[in-house]
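Observations on the model geometry
Residues per chain are reported as follows:
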Amino acid sequence: MTQKGSKEERASLVLRGVAFTVVALACGVLAFVLYGIKAPGGKEGAESPACPGAAELAARLKPLVHGEIAALTLAPRPKPLPELAFDTADGTKESLTNFGGRTVLLNFWATWCLPCRQEMPALDRLQGMFDSRDFAVVAVNIDTARLDRPQAFLHEIGVKNLKLYTDKTAAAFQTLKQAGKVLGLPTTILIGKNGCEIGTMAGPAQWDSKDALALLNAIQG
């Protein structure tokens, strides 16, 4: 009886193992069917209808992201940026949408941010290398106190090409932060002529370097 019982127990264990394997395989197939559409190239990876050709552009630019701009993160699913508003030097309102039709390098900076101050001369030189009708460096200062400092700093370093844009409440920065686009300063977002995000740089960069110029010239076509 003991031997017979052992055989029956072993047979039962084998059957349970087979059943478990069948169920696991079935679950795997079901998971593939349900979630396989989220693989690269599927619906989850599809580009926004508002940003046609964005995937092709990202693929073309990827080999150029190295050297001085190696930290640039290309947008996996480019979308238009949220509505952003800021002030000009004379206090009038400006909107990011007004730069449509131009490639934009949107930069957020503050006078208390040392890396921001260090990269500002390069941003100024970069703007001078391109026709402002096709390309714009939009450097938005987010100082919320001592509001005379941004203009004084730009005058101190001898800025020739950049315009002063300010966001005294840092509202535009917070909008992008809530959208998961920015974390700290400086942050630079590269935007295509159609208003769609191309890539984001967290931290400073030498924006007038050969690496940066090669990338920007490729975007300009």
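The structure contained in this document is the topic of the report that follows. Predicted, not measured: the structure shown is a model, and the values here were computed from it.

Describing the environment of alanine 59
Tracing the backbone through its elements, the reader meets alanine 59 in helix 2 (residues 54–61). Look at alanine 59 and you get exposed, because its relative accessible area is 53%. In this structure the C-alpha to C-alpha distance between alanine 59 and leucine 74, which are 15 residues apart in sequence, comes to 9.3 Å.

Quick word on the side chain of threonine 187
Along the chain, threonine 187 falls in strand 7 (residues 187–191). A distance of 2.5 Å separates the side chain of threonine 187 from the backbone oxygen of glycine 184, its partner in a polar contact. Those residues in contact with threonine 187, other than ones at most four positions away along the chain, are Leu106, Asn107, Phe108, Lys181, Val182, Thr200 and Met201.

Structural notes on the pairing of strand 4 (residues 103–109)
Taking burial as the measure, the 7 residues of strand 4 include 7 buried ones, the bulk of the element. The side-chain alternation of strand 4 yields two buried faces, one formed by Thr103, Leu105, Asn107 and Trp109 and the other by Val104, Leu106 and Phe108. Of the strand pairs in this sheet, strand 4 and strand 5 (residues 135–141) are connected by 7 bridges, and their pairing is parallel. Across the sheet, residue tryptophan 109 finds its bridge partner in strand 5, namely asparagine 141. You can see the chain leave strand 4, run along helix 3 (residues 114–129) and come back into strand 5, and the turn it takes is right-handed. Summarising the sheet, strand 4 and strand 7 pair through 5 bridges and their orientation is antiparallel. Within strand 7, the residue paired with leucine 106 across the bridge is isoleucine 189.

Parameters and conventions
- Residues numbered from 1 in each chain as written.
- Predicted model: local features only at pLDDT ≥ 70, side-chain atom pairs only at ≥ 80, totals over all residues.
- Heavy atoms only, no water.
- Helix = DSSP H or I, 4+ residues; strand = E, 2+ residues; numbered from the N terminus.
- Buried < 20%, exposed > 50% of the residue type's maximum accessible area, 1.4 Å probe, protein only.
- Polar contact = N/O pair within 3.5 Å; in protein donor to acceptor, adjacent residues only side chain to side chain.
- Contact = heavy atoms within 4.5 Å.
- Pairing = 2+ DSSP bridges.
- Right-handed = clockwise from strand over helix to strand, strands pointing away.

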